[in-house]
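# Working through the structure, step by step
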Amino acid sequence: MPVKILIFEDNNNLREGLCQLLMLREEFQIVGNFGEARQAKEIVMNCRPDVVLMDIDMPGINGVEAVRQIRQFDLTTQIIMLTVFDDNNHVFDALMAGANGYLLKRNVSDRLVLAIQEVLEGGAPMSPSIARLVINQLHVEKPTNQYMLSEREKEILRSLSKGNSFKLIAADLGISFETVRTHIKRIYDKLHVHSQGEAISKALHEKLV
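Computed from a predicted structure; not experimentally measured. (Residues numbered from 1 in each chain as written. Predicted model: local features only at pLDDT ≥ 70, side-chain atom pairs only at ≥ 80, totals over all residues. Heavy atoms only, no water.)

## Points about the overall build of the protein
So the rule is basically this: Every helix listed is a DSSP run of H or I at least four residues long, and every strand listed is a run of E at least two residues long, numbered separately from the N terminus. Every radius of gyration here is taken over C-alpha atoms, with the globule rule written as 2.2 Å times N^0.38, N being the number of residues. Relative accessibility under 20% of the residue-type maximum defines a buried residue, over 50% an exposed one, and the middle range a partly exposed one, all with a 1.4 Å probe and only protein chains included. Throughout, a residue-residue contact means that at least one pair of heavy atoms, one from each residue, lies within 4.5 Å. All accessibility values rest on the Shrake-Rupley procedure with a 1.4 Å probe; residue burial counts only the protein chains present in the view. In summary, the charge assignment counts Lys and Arg as positive and Asp and Glu as negative, without counting His or the chain termini. By convention, charge coordinates are those of NZ in Lys, CZ in Arg, CG in Asp, or CD in Glu.
When you go through the protein residue by residue, the secondary structure sums to 10 helices and 5 strands. At 17 Å, the protein has a C-alpha radius of gyration in line with the 17 Å of a compact globule built from 209 residues. Out of the 209 residues belonging to the protein, those deemed buried represent 50%. A separation threshold of at least 6 residues defines the contact pool for the protein, and within that pool the share at least 24 residues apart is 66%. On the protein, roughly 10000 Å² of surface is accessible, and the fraction owed to carbon and sulfur atoms is 47%. With 24 positive and 27 negative side-chain charges, the protein shows a separation of 5 Å between the mean positions of the two kinds.

This is the structure in structure tokens:
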């Protein structure tokens, strides 16, 4: 079955370019593309995509608010933000809203296909400058472990925050894929979150890793 992709992007030329790029791959199917996200909730309900590519700066409601609306009823669709913004506020707002990845538009032609593959494998794909921003946040002084994360859970959360997929985490730590999934479920429970983006954002904001 092809991977169903839904696109929200207000730049007509870029949106058309994204469609053309993805249609070159037989494993992808574009189920819709829109210049605004006012009806994002209804569109996602109707199209049932596997992956949503979401611009941040759009007319009507912005991409972050659209992600929040989608996450009210859908926690499984993978959402990658496509944006020109690489500042702290936009990155963390998007992740806290429930985004799974964050890709700068200047990197889109080189990294989009790989980013989609990564997010479907459980990773949190990010452009290099975004990953650097995230890593820099990890170097700030750490507080007490109020969520009672184990050393292994913190190790996995740290790796997840760097954009690594479940498979890569398993390989790096020498444990099984299912063990990684079990640890991540426990991390979500302890942090009271429902997605990778929320977990990463909370970890960074509260300096947990």
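Here the narrative resumes, following the displayed structure.
## Remarks on the sheet that holds strand E2 (residues 28-34)
To keep it simple, the criterion reads: Whether two strands pair depends on DSSP finding at least two bridges between them. Axis definition: a line fitted to C-alpha atoms, limited for helices to the stretch in contact. Angles are taken between N-to-C directions and run from 0 to 180 degrees.
Strands sit in the order E2-E1-E3-E4-E5 across an open sheet of 5 strands; the sheet is parallel. The sheet terminates laterally at E2 and strand E5 (101-104), the two strands that pair on one side only. Mean inter-strand twist for the sheet, computed between neighbouring axes without regard to direction, equals 20 degrees. Here strand E1 (residues 3-8) pairs with strand E3 (residues 51-55) via 4 bridges, running parallel. Across the sheet, Leu 6 pairs through a bridge with Val 52, a residue of E3. Contacting E3 and strand E4 (78-83), helix H3 (residues 63-71) crosses the sheet at an angle of about 175 degrees to E4.

## Considerations on the nonpolar core
The condition that has to hold: The set of buried Ala, Val, Leu, Ile, Met, Phe, Trp, Tyr and Cys residues whose side-chain atoms join them within 4.5 Å is what this entry labels a nonpolar core.
Phe 8, Ala 37, Met 54, Met 81, Tyr 102 and Leu 191 are the most contacted members of the largest nonpolar core, which has 50 residues in total. Aside from chain neighbours lying at most four places away, what touches Leu 191 is Tyr 147, Leu 149, Leu 157, Ala 199, Lys 202 and Leu 208. By size, the runner-up hydrophobic cluster in this structure holds 18 residues, among which are Leu 18, Val 108, Leu 112 and Val 119.

## Observations regarding unusual backbone geometry
Residues other than glycine seldom take positive phi values, yet Arg 48 does so here, at roughly 45 degrees. Checked against the element boundaries, Arg 48 lands in the loop between helix H2 (40-47) and E3. Notably, His 192 is not glycine yet its phi reads approximately 60 degrees, a positive angle. Assignment of secondary structure puts His 192 in the loop between helix H9 (177-191) and helix H10 (196-205).

## Quick word on the packing of aromatic side chains
The cut-off we apply is this: In this analysis, rings of Phe, Tyr and Trp, with Trp reduced to its six-membered ring, are considered paired at centre separations within 6.5 Å, and the interplanar angle assigns stacked below 30 degrees, edge-to-face beyond 60, and tilted for intermediate values.
Evaluated as defined, the whole model comprises 2 aromatic pairs. Taken together, a centroid distance of 5.7 Å and an interplanar angle of 25 degrees make the contact between Phe 8 and Phe 34 stacked. Residue Phe 8 is found in strand E1, and its partner Phe 34 is found in strand E2; the two are separated by 26 residues along the sequence. Its relative accessible area of 1% is what places Phe 8 among the buried residues. Aromatic side chains Phe 166 and Phe 177 sit 6.1 Å apart centroid to centroid with 45 degrees between the ring planes, which places their arrangement in the tilted category. Pair noted here: Phe 166 is in helix H8 (residues 166-173) and Phe 177 is in helix H9, with a separation of 11 residues, a long-range link.

## With respect to the state of the cysteines
So the rule is basically this: The criterion for a disulfide is a pair of cysteine sulfur atoms lying within 2.5 Å.
For the structure shown, the criterion picks out 0 disulfides. The thiol of Cys 19 is not disulfide-bonded; the next cysteine sulfur, from Cys 47, is found 12 Å away.

## Quick notes on the packing of H8 against H9
The test is simple: By definition in this entry, angles of less than 35 degrees are roughly parallel, angles greater than 145 are roughly antiparallel, angles of 65 to 115 are roughly perpendicular, and the rest are oblique.
At a minimum axis separation of 8 Å, H8 and H9 run at an interaxial angle of 110 degrees. On the basis of the axis angle, H8 is roughly perpendicular to H9. For the pair H8 and H9, contact is made by Phe 166, Lys 167, Ile 169 and Ala 170 and by Phe 177, Val 180, Arg 181 and Ile 184, respectively.

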